[in-house]
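# Coordinate analysis (summary)
Chain by chain, the residues:
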Amino acid sequence: GIVDADTVDASNLQRQIIHGTSTIDVSKCESAKRRIEDINPLVQVRTYEEEFTAASAMRIVGNGFDDDDDDNHPYDVVVDGSDNFPTKYLINDVCDIIGVPWVYSAILAFEGQVAFFNLDGTGPNYRDMLPTPPPPGDVPSCAEGGVLGVLPGTMGCLQATEVIKYILGRKEGLLSGRVLTFDAMSMKFNDVGLSRQPDREVITELIDYQGFCAGHKAKAADAPTTASATQGRTMDEAEDATDDTTVTGPEFHSVQPKECLEKLSDGWSPWVLDVRLQTENDIVQLPFTDKVSPHRTVGLHDIPKDGDVLVYCKAGVRGKKACNRLIELGVDANRLWNLDGGIMRWQKDVDT
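Note that the coordinates shown come from a computational prediction; the quantities given were computed from them, not determined experimentally.

## Quick look at the overall build of the protein
Along the protein, the regular secondary structure elements total 11 helices and 12 strands. Looking at the protein as a whole, 42% of its 352 residues qualify as buried. In the protein, of all internal contacts separated by at least 6 residues, the share reaching a separation of at least 24 is 64%. When the accessible surface of the protein is summed, it comes to about 17700 Å², and 51% of that surface belongs to carbon and sulfur atoms.

## Here we look at the sheet that holds strand 3 (residues 78–79)
If you trace the five strands from one edge of the open sheet to the other, you get 3-4-5-6-7, paired in mixed fashion. Of all strands in the sheet, those bounded by a partner on one side alone are strand 3 and strand 7 (188–193). Relative to strand 4 (residues 102–108), strand 3 runs parallel, the two being bridged by two bridges. Bridging across to strand 4, Val79 finds its partner in Val103.

## Brief notes about helix 11 (residues 342–349)
Buried residues of helix 11: Gly342, Ile343, Met344 and Trp346, and no others. Elements that come into contact with the buried residues of helix 11 comprise helix 8 (257–265), strand 11 (309–312) and strand 12 (336–339).

## With respect to the pairing of strand 5 (residues 111–117)
Burial of strand 5 is extensive: five of the seven residues sit out of reach of the surface. In sequence, strand 4 turns back onto strand 5 through a hairpin of two residues, with Ala109 there showing a positive phi of about 60 degrees.

## Comments concerning the environment of His73
In this structure, His73 sits in the loop between helix 2 (57–63) and strand 3. When its relative accessible area of 48% is taken as the criterion, His73 is described as partly exposed. Setting aside chain neighbours within four positions, we find His73 in contact with Gly62, Asn63, Gly64 and Phe65.

## Regarding the sheet that holds strand 12
Taken in spatial order, the five strands of this open sheet run 8-12-11-9-10, and their pairing is parallel. Of all strands in the sheet, those bounded by a partner on one side alone are strand 8 (253–255) and strand 10 (291–292). Taken together, the four bridges between strand 9 (residues 271–274) and strand 11 define a ladder with parallel strand orientation. In the sheet register, Leu273 faces strand 11, and the bridge partner there is Val311. Sitting on the sheet, helix 8 touches strand 8, strand 11 and strand 12, and the angle it makes with strand 8 is about 95 degrees. The sheet strands contacting helix 10 (residues 317–328) are strand 11 and strand 12, and the helix crosses strand 12 at an angle near 165 degrees.

## Concerning the side chain of Glu162
Tracing the backbone through its elements, the reader meets Glu162 in helix 6 (residues 151–167). Non-local contacts of Glu162, meaning those with residues more than four positions away in its chain, are made with Val103, Phe116, Gly173, Leu174 and Leu175.

## Thoughts on the nonpolar core
Judged by nonpolar contacts, the single largest core of 26 residues is most densely connected at Phe52, Val78, Leu90, Trp102, Phe117 and Tyr209. Elements with a minimum of two residues in this core: helix 2, helix 3 (85–98), strand 4, strand 5 and helix 7 (209–214). Considering each element in turn, this core owes the most residues, five residues, to helix 3. One finds Leu273, Val309, Cys313 and Cys323 within the second-largest nonpolar core, a separate group that totals 15 residues.

## Details of the environment of Cys213
For Cys213, the position within the fold is in helix 7. Spatially, the C-alpha atoms of Cys213 and Pro133 are 5.7 Å apart, while their sequence positions differ by 80 residues.

## Some words on the pairing of strand 11
Side chains Val309 and Val311 of strand 11 all project onto a buried face; the interleaved residues Leu310 and Tyr312 project onto the opposite face, where all are buried too. Looking at chain direction, strand 11 and strand 12 are connected through three bridges and run parallel. The residue of strand 12 that forms the bridge with Leu310 is Trp337. The handedness of the strand 11 to strand 12 crossover, carried by helix 10, is right-handed.

## Re the side chain of Asn12
Among the secondary structure elements, Asn12 is positioned in the loop between strand 1 (2–3) and helix 1 (28–39). At 3.4 Å, the side chain of Asn12 forms a polar contact with the side chain of Lys28.

## Quick notes on the environment of Leu180
For Leu180, the position within the fold is in strand 6 (residues 178–183). Here Leu180 falls in the buried class, since its relative accessible area comes to 15%. Taking the C-alpha atoms as reference, Leu180 lies 5.2 Å from Val114; in sequence the two are 66 residues apart. Setting aside residues up to four positions removed in sequence, Leu180 forms contacts with Gly112, Gln113, Val114, Leu158, Leu175, Phe189, Asn190 and Asp191.

## Re the packing of aromatic side chains
Taken as a whole, this structure holds 12 aromatic pairs when the rule is applied. Between Tyr104 and Tyr126 the ring centres are 5.4 Å apart and the planes differ by 45 degrees, which places this aromatic pair in the tilted class. Of this pair, Tyr104 sits in strand 4 while Tyr126 sits in helix 4 (residues 126–129), and the two are 22 residues apart along the sequence. Summarising the burial analysis for this pair, Tyr104 and Tyr126 share the class buried. Their ring planes at 40 degrees and their centres at 5.4 Å tell us that Phe116 and Tyr166 sit as a pair that is tilted. Of this pair, Phe116 sits in strand 5 while Tyr166 is found in helix 6, placing the two residues 50 residues apart along the sequence. Here Phe116 and Tyr166 have matching classes, each one buried. Following the ring pairs from residue to residue traces out a cluster consisting of Tyr89, Trp102, Tyr104, Phe117, Tyr126 and Phe212.

Parameters at a glance
Sequence order as written defines residue numbering, which begins from 1 separately in each chain. A pLDDT threshold of at least 70 governs which residues receive local features in this predicted model, and a stricter bar of 80 or more applies before side-chain atom pairs are shown or counted, although totals over entire chains, interfaces and linings include all residues. Just so you know, side-chain values use all the structure's heavy atoms and leave hydrogens and water out. Secondary structure elements are taken from DSSP: a helix is a run of H or I of four residues or more, a strand is a run of E of two residues or more, and numbering for both begins at the N terminus. The buried label applies to any residue whose accessible area, calculated with a 1.4 Å probe on protein chains only, is under 20% of its type's maximum; exposed applies above 50%, and partly exposed to all values in between. Here, two residues are considered to be in contact whenever any of their heavy atoms come within 4.5 Å of each other. Per-residue and other accessible areas follow the Shrake-Rupley method at a 1.4 Å probe size, with only the shown protein chains counted as cover for residues. For two strands to pair, DSSP has to find at least two bridges joining them. Axis definition: a line fitted to C-alpha atoms, over the contacting stretch in the case of helices. Angles run 0 to 180 degrees between N-to-C directions. The term nonpolar core refers to a set of buried residues drawn from Ala, Val, Leu, Ile, Met, Phe, Trp, Tyr and Cys, joined through side-chain atoms within 4.5 Å. Orienting the strands away from the viewer, one traces the path from the first strand over the helix to the second; a clockwise path indicates a right-handed crossover. Two N or O atoms form a polar contact when they lie within 3.5 Å of each other; inside protein one atom must be a possible hydrogen donor and the other a possible acceptor, and for residues adjacent in sequence the pair counts only when both atoms belong to side chains. Geometry of aromatic contacts follows a simple scheme: Phe, Tyr and Trp rings, the Trp one being its six-membered ring, pair when their centres are within 6.5 Å, and the pair is stacked under 30 degrees between planes, edge-to-face over 60, tilted otherwise.

Structure, rendered in structure tokens:
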């Protein structure tokens, strides 16, 4: 079974190698299915072109591959391909409630880690390793920290190895009770022991995982169920979507790329601030950018005292945070314009 509500984008291809240029703009589920069946047409593939949320996860995992049959049973094992804390906690809790093991992986920059959680329903799980999520902002998103293109494939192969061992019944060598870490720069593997915590809270229901990772709990009924929970973007582009971008005071402007181009053509001349990292700006930038300052540290010294300011990032989320930060520092909200969809939407709507 494959769960993904996204479509293939060219920016995915250097690390999501199951896809190719021939399936750009095709759903990722369909693209992956075609590739798997091309390699081995005997493999049966079930696709779920929907978000994996607190509203859908129990059904997807619990009903299993043959959920139309009367004798359906849960999937035998779940493989984590997510890149954010809310989804990992959701996978963990669903598997804990249903009693299904799962193979975890996480990557950032040049490092990755893998573990086998909830073996036989009694092994350590994600909440033993990370009882509570880190505060928003403590861990850079992949958009900020980057990721070595081959790293997802390296960790994915290790996950596949664990799945095959489990299916074959070779449980003695599984990564249960330890977390395998990999440093691509030093080309070294290490492992860290992990034990089930005796006082670990028993999971009986799902919660609002976006809220939990932002610092508060809520029932699953309050959980977001669509891509709008991450400003309409995929997890791959969410830019640390667990951070709070809610505007509680004066609201800044939002401008679409085509509208922005029209305003510029009509003589609008804002100060243009890129709130990504300098390394991201070195790769691609708006040619009329005035300054680069990461959104976490943006300050009054980064903008002129008067006049409009056009703020942009990769997908628009960090731009919102930068605008909110500047407003908190005393900047008039009416001066601030966030490029909706960021430079990715500019490239799609204006440059193509």
